[in-house]
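Close look at the chain arrangement
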Amino acid sequence: MIEINLMKVRTTTPDDVPLIYSFIQKKSEFDRKIGAYSGVIQVTEDKIHKTIFIAVPFSYVLFAETSKRVVGFALYGFRYSSFAGQPSIWLDDLYVDEDMRSQGAGAALMSNLAQVAKGNNCTHLAWNADARNTRGLSFYYQLGANIIEQKENRCFFIWAP
């Protein structure tokens, strides 16, 4: 029997703070494993609550979930270009649980972010990724994203869906 996991993307609520924190921890562990991060995360659940669930949030979080559990997240914020006179989206984190990769969660999150960008008249989405994350880079290329700059292992992407 084949089970098909339909991905749903949803915004977060203050009740999700522990879940957001857990995904940030998972993302930092992933980055450690590939050699992209060696620091100590300083985020706390209290900091998440005080910066994301306020009148003017500093960041926003989307979750990808199946009928059984949350399997991925995207943490993003808006930037504004005075020269363009329009905003863009900075994707700070995109992470999907290892057992759920290549099953549509990342694509669902990015598709939702593209809709957020369109709905807010954004010029593009941007982020960076480590060159050692070859699977992630392949995913970004499949979306149509391009590397606009690379500094050692840090690749800077832009995507105008």
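Everything numeric here is computed off the predicted structure, so don't read it as measured data.

**Let's talk about the packing of helix α1 (residues 17–33) against helix α2 (residues 45–52)**
It is at 9 Å that the axes of α1 and α2 come closest, and there the two elements cross at 110°. As judged from the angle between their axes, α1 and α2 are roughly perpendicular. For the pair α1 and α2, the crossing hand works out as right-handed. Listed contacts from α2 to Val17, Pro18, Ile20, Tyr21 and Ile24 of α1 are Glu45, Ile48 and His49.

**Focus on the pattern of salt bridges**
Across all of its chains, the model carries 12 salt bridges by this definition. Where arginine 10 meets glutamate 65, a salt bridge forms, and the shortest distance between an N and an O atom there is 3.2 Å. Taken together, the residues span a long stretch of sequence, with arginine 10 in strand β1 (residues 8–11) and glutamate 65 in strand β2 (residues 60–65) at a distance of 55 residues. The class of glutamate 65 is buried, set by a relative accessible area of 14%. Between lysine 151 and glutamate 149 there is a salt bridge, with its nearest N and O atoms 3.6 Å apart.

**Describing the pairing of β2**
Of all the 6 residues making up β2, 5 are buried; the element is thus mostly covered by neighbouring parts of the structure. Alignment of β1 against β2, held across 4 bridges, turns out to be antiparallel. By the bridge assignment for β2, lysine 8 is matched with glutamate 65. Judged from the 6 bridges that link them, β2 and strand β3 (residues 70–81) form a sheet pairing that is antiparallel. Residue pairing for β3: leucine 62 is matched across the bridge by alanine 74. The loop that links β2 with its antiparallel partner β3 comprises 4 residues.

**A few points about the nonpolar core**
Residues Leu91, Leu113, Trp127 and Phe157 are the most contacted members of the largest nonpolar core, which totals 29 residues. Those elements that provide at least two residues to this core are β2, β3, β4 (86–96), α3 (105–119), β5 (125–130), α4 (134–143) and β7 (154–159). Looking at which element gives the most residues to this core, the answer is α3, with 8 residues. Residues in contact with leucine 113, not counting those within four places in the same chain, are Leu62, Ala74, Tyr76, Ile89, Leu91 and Leu125. In this structure, Ile24, Phe30, Ile52 and Phe63 belong to the second largest nonpolar core, which totals 14 residues.

Quick notes on the rules
Residues numbered from 1 in each chain as written. Predicted model: local features only at pLDDT ≥ 70, side-chain atom pairs only at ≥ 80, totals over all residues. Heavy atoms only, no water. Axes fitted to C-alpha atoms, helices over the stretch in contact; angles between N-to-C directions. Helix = DSSP H or I, 4+ residues; strand = E, 2+ residues; numbered from the N terminus. Parallel < 35°, antiparallel > 145°, perpendicular 65-115°, else oblique. Left-handed = near helix turned anticlockwise from the far one by under 90°. Contact = heavy atoms within 4.5 Å. Salt bridge = Lys/Arg side-chain N within 4 Å of Asp/Glu carboxyl O. Buried < 20%, exposed > 50% of the residue type's maximum accessible area, 1.4 Å probe, protein only. Pairing = 2+ DSSP bridges. Core = buried A, V, L, I, M, F, W, Y, C linked by side-chain atoms within 4.5 Å.

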